[in-house]
Amino acid sequence: MNDANVKAETNATALSGTANGGAKLKFDMPFFNMQTIFGDLAEQGAARAKANFEQMKAASEEISEALREACATNATRAADYGTKVIEISNINSSSALEFLSHLADARSFADVVNLSTTHARKTFEAASGQNRELWDLAQKVATETAEPIKKSFNRVLHRAA
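An account of the accompanying structure is given in this report. Positions within a chain are numbered from 1, following the residues in the order the chain's sequence is written. Totals for whole chains, interfaces and linings use all residues, but because this is a predicted model, local features are given only for residues with pLDDT of at least 70 and pairs of side-chain atoms are given and counted only at 80 or more. To get the side-chain values, take all heavy atoms of the structure and skip hydrogens and water.

### Description of the overall build of the protein
Worth spelling out the cut-off: Helix and strand labels come from DSSP, where a helix needs a run of H or I of at least four residues and a strand needs a run of E of at least two; each type is numbered from the N terminus. Only heavy atoms matter for contacts: two residues are in contact if any of them lie within 4.5 Å across the pair. Working definition of accessibility: Shrake-Rupley area with a 1.4 Å probe, residue cover restricted to the visible protein chains.
Helix and strand counts for the protein stand at 2 helices and 2 strands. Shown N-terminal to C-terminal, the secondary structure of the protein runs as helices and strands in the order β-β-α-α. Residue pairs in contact within the protein that sit at least 24 positions apart in sequence constitute 63% of those at least 6 positions apart. If you sum the accessible surface of the protein, you get close to 12700 Å²; carbon and sulfur atoms cover 59% of it.

### Side note on the side chain of T145
Among the structural elements, T145 can be located in helix 2 (residues 109–160). Setting aside anything within four residues of it in sequence, one finds T145 in contact with A70, T73 and N74.

### Side note on the pattern of salt bridges
As a reminder of what qualifies: In the sections that follow, a salt bridge refers to a side-chain nitrogen of Lys or Arg positioned within 4 Å of a carboxyl oxygen of Asp or Glu.
Taken as a whole and judged by the stated rule, the model has 6 salt bridges. With a closest N to O distance of 2.8 Å, E133 and K84 form a salt bridge. Taken together, the residues span a long stretch of sequence, with E133 in helix 2 and K84 in helix 1 (residues 34–104) at a distance of 49 residues. Close ionic contact of R121 with E125 constitutes a salt bridge, the shortest N to O distance being 3.9 Å.

### Things to note about the side chain of K84
Threshold: Buried means the residue's accessible area, taken with a 1.4 Å probe over protein chains only, is under 20% of the maximum for its type, while exposed means over 50%, and partly exposed covers the values in between.
Judged by its relative accessible area of 17%, K84 is buried. In contact with K84, not counting residues within four places along its chain, are E133, L134 and L137.

### Section: the environment of L115
Along the chain, the position of L115 falls in helix 2. Along the sequence, L115 and F99 sit 16 residues apart, while their C-alpha atoms lie 7.7 Å from each other. Not counting chain neighbours up to four residues away, the residues in contact with L115 comprise F99, H102, L103 and A106.

### With respect to the environment of A120
Structurally, A120 is set in helix 2. Along the sequence, A120 and F99 sit 21 residues apart, while their C-alpha atoms lie 9.9 Å from each other.

This is the structure we're talking about:
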């Protein structure tokens, strides 16, 4: 609605019985249809509010779906990570038991030192590789969990702009 659509009406009527015989005009206050003006404004406000509500509802549903997908991905990848930790623990336990077995068969102090040195080197190399594997899995978990959320937020924010 703009100012061109607002109509103002005036009523000018002559007063009878004036003292000097001249005609005086009586002006009534302009009549604005206030009910129509406020009704139109309220209707426009309600329409805008409804449109904004629908946009917010759609954005909320999209973000909820992205969070559901992220949680499912996170659960799967966390299970993979846990499986890898158990696998590594099994390998390390087997290695320690094997070392103790060889240590029990040692005949001299030189054999014990040699076995210990060899086992320490192998353990360090294995731990380095295992840490790299766990680090890669942790990065994969973080990346794959964050990706659906990132995409969803970007879509929602681009639509809002």
